[in-house]
Amino acid sequence: MPGLRAPSDYSQEPPRHPSLKINSKEPFNAEPPRAALISSYITSVDYFYKRNHGPIPIVDDIERYCLTIGGLVEKPIQLSMAEIRKLPKYNVTATLQCAGNRRTAMSKARKVRGVGWDVAALGNATWGGARLVDILELVGVSKQSSVTSLGGRHVEFTSVDRCKEEKGGPYKASIPLRQATNPEADVLLAYEMNGEILNRDHGYPLRAVVPGVIGARSVKWLDSIEIKEEECQGFFMQKDYKMFPPSVDWDNIDWSTRKPQMDFPVQSAICSLEDVDVVRQGKIKVAGYALSGGGRGIERVDISVDGGKTWVEAQRYQKTNVLYASDDMNSDKWAWVLFEAVADIPEDAEIIAKAVDSAANVQPQNVDEVWNLRGILNTSWHRVQVRNASRVVANSSL
Ligand SMILES: Nc1nc2c(c(=O)[nH]1)N[C@H]1C(S)=C(S)[C@@H](COP(=O)(O)O)O[C@H]1N2
Ligand SMILES: [Mo]
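Quick caveat: nothing in here was measured; it's all calculated off a predicted structure. (Residues numbered from 1 in each chain as written. Chains lettered and ligands numbered in written order. Predicted model: local features only at pLDDT ≥ 70, side-chain atom pairs only at ≥ 80, totals over all residues. Heavy atoms only, no water.)

Participant: What's the story with the layout of surface pockets in this structure? I'm lost.
Facilitator: The gaps left among the atoms become clear once a water-sized probe is rolled over them. Approximately 400 Å³ is the volume found for the largest pocket. As for the largest pocket, its lining consists of 20 residues, and the residues nearest its centre are Arg-102, Ala-105, Asp-275, His-382 and Arg-383. Residue assignment for the lining of the largest pocket shows that the elements contributing at least two residues are helix 3 (103-109) and strand 24 (382-388). For the lining of the largest pocket, the class distribution of residues is seven nonpolar, seven polar and six charged. Two domains share the lining of the largest pocket, each providing at least three of its residues, namely domain 1 (4-257) and domain 2 (267-396). (1 Å grid on protein atoms, 1.4 Å probe; cavity = no way out; pocket = protein on both sides within 12 Å on 5 of 7 lines; lining within 4 Å. Points joined across faces, edges and corners; volume = space filled by probe spheres on them. Helix = DSSP H or I, 4+ residues; strand = E, 2+ residues; numbered from the N terminus. Nonpolar A, V, L, I, M, F, W, Y, C, P; charged D, E, K, R; others polar. Domains from an automatic or database assignment.)

So, in structure tokens, the structure goes:
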């Protein structure tokens, strides 16, 4: 029996927390309720969103598991889990966000294809594992290189799961060698999540974690790593997860005209309120998360309770009792910040959150500006409608 294999059906799925909202059962795609998401800075494994494209792989015998590292390198190798664990261990706190986060809202503007997600297709975890730079050094690729002696420029991660998009083949993705060999980029091969052994849903026994980049590049259940001349030609790199302009639809799409999406743009969402919520008159708490890609911090989160006419700045934090400062040595550069503001809601209102990152990028105002046929990267201002409780009661008694 092989060390790691993929079942052909969904009869051997792992147990999951009952509070997750299921967006698709097979493959299993689910997110936590909004309020649960911001109940702590580190997302518990139970509440962490789960995004799959096939049945969850199974490890029969961890002793037999090994990772192959080959391709355009001088000395290809195979590493057992025990050997990977012997390498220096790093802990990186990084938020993973699916490119499809907030897709449901985008599809309301105009139809898109893809699994529907509310605002919780992301989570913030402390990933423990070996650094990809260290593993690549074992096959003779030195730090900070953009090309290997044999002409390799991309690092391709291949899994074992069976995805229908790949005609039953495994999920794969690649990142540039330059990023893979940059120690500052913190790319990990993780075997732990929040101090515990990675569970099956999140990639047991080993997954890539590529901080600051859309979740799709953090390949779970790693089987092999190959250095290649070209970027990965798999479905999820070439025919999916690309950002097209609003003028492109299914009848005029040419996938080859765009690059695979990597960095995530600046994003935020309110999680203390549902889309349409009833609140008591007076002061209410507006809380949520904000994050950006590429290691850029969050400079500001603005809140409006009058549909965008006036704004107040929210408090930002990562750790309790430590004020968050973007680009500060003590902040987690790959992680989200949680925000909180107290607002006075006089009447029925539209509450909006918009974030600004450390490069002064701002979220786009309307979803139409960023609409795309696959419904990815909905980073438009997040809006929730609130009805005043006293008015709701008064109206219903009429
Ligand atoms: N092998 C494999 N890796 C994968 C996927 C997958 O379906 N198979 N999904 C990707 C996508 S689109 C996302 S957003 C993240 C989700 O990771 P999570 O389920 O641990 O939250 O994993 C990525 N890695
Ligand atoms: Mo994703």
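Picking up after the structure, the text goes on.
Participant: Help me understand the site of ligand 1 in this model?
Facilitator: The environment of ligand 1 is formed by 20 residues, the closest being His-53, Asp-161, His-202, Arg-207 and Lys-220. Ser-159 is positioned such that a nitrogen or oxygen atom in its side chain is 3.1 Å from a nitrogen atom of ligand 1. At a separation of 2.7 Å, a nitrogen atom of ligand 1 approaches a polar side-chain atom of Asp-161. Expressed as a share of its isolated accessible area of 530 Å², the protein-covered part of ligand 1 is 100%. In this structure, ligand 1 is accommodated by the largest cavity. Taken together, the residues of the shell around ligand 1 break down into nine nonpolar, six polar and five charged. (Near = heavy atom within 4 Å. Polar contact = N/O pair within 3.5 Å; in protein donor to acceptor, adjacent residues only side chain to side chain. Areas by Shrake-Rupley, 256 points an atom, 1.4 Å probe, with all protein chains shown as cover. Sits in = over half its atoms within 2 Å of the grid points.)

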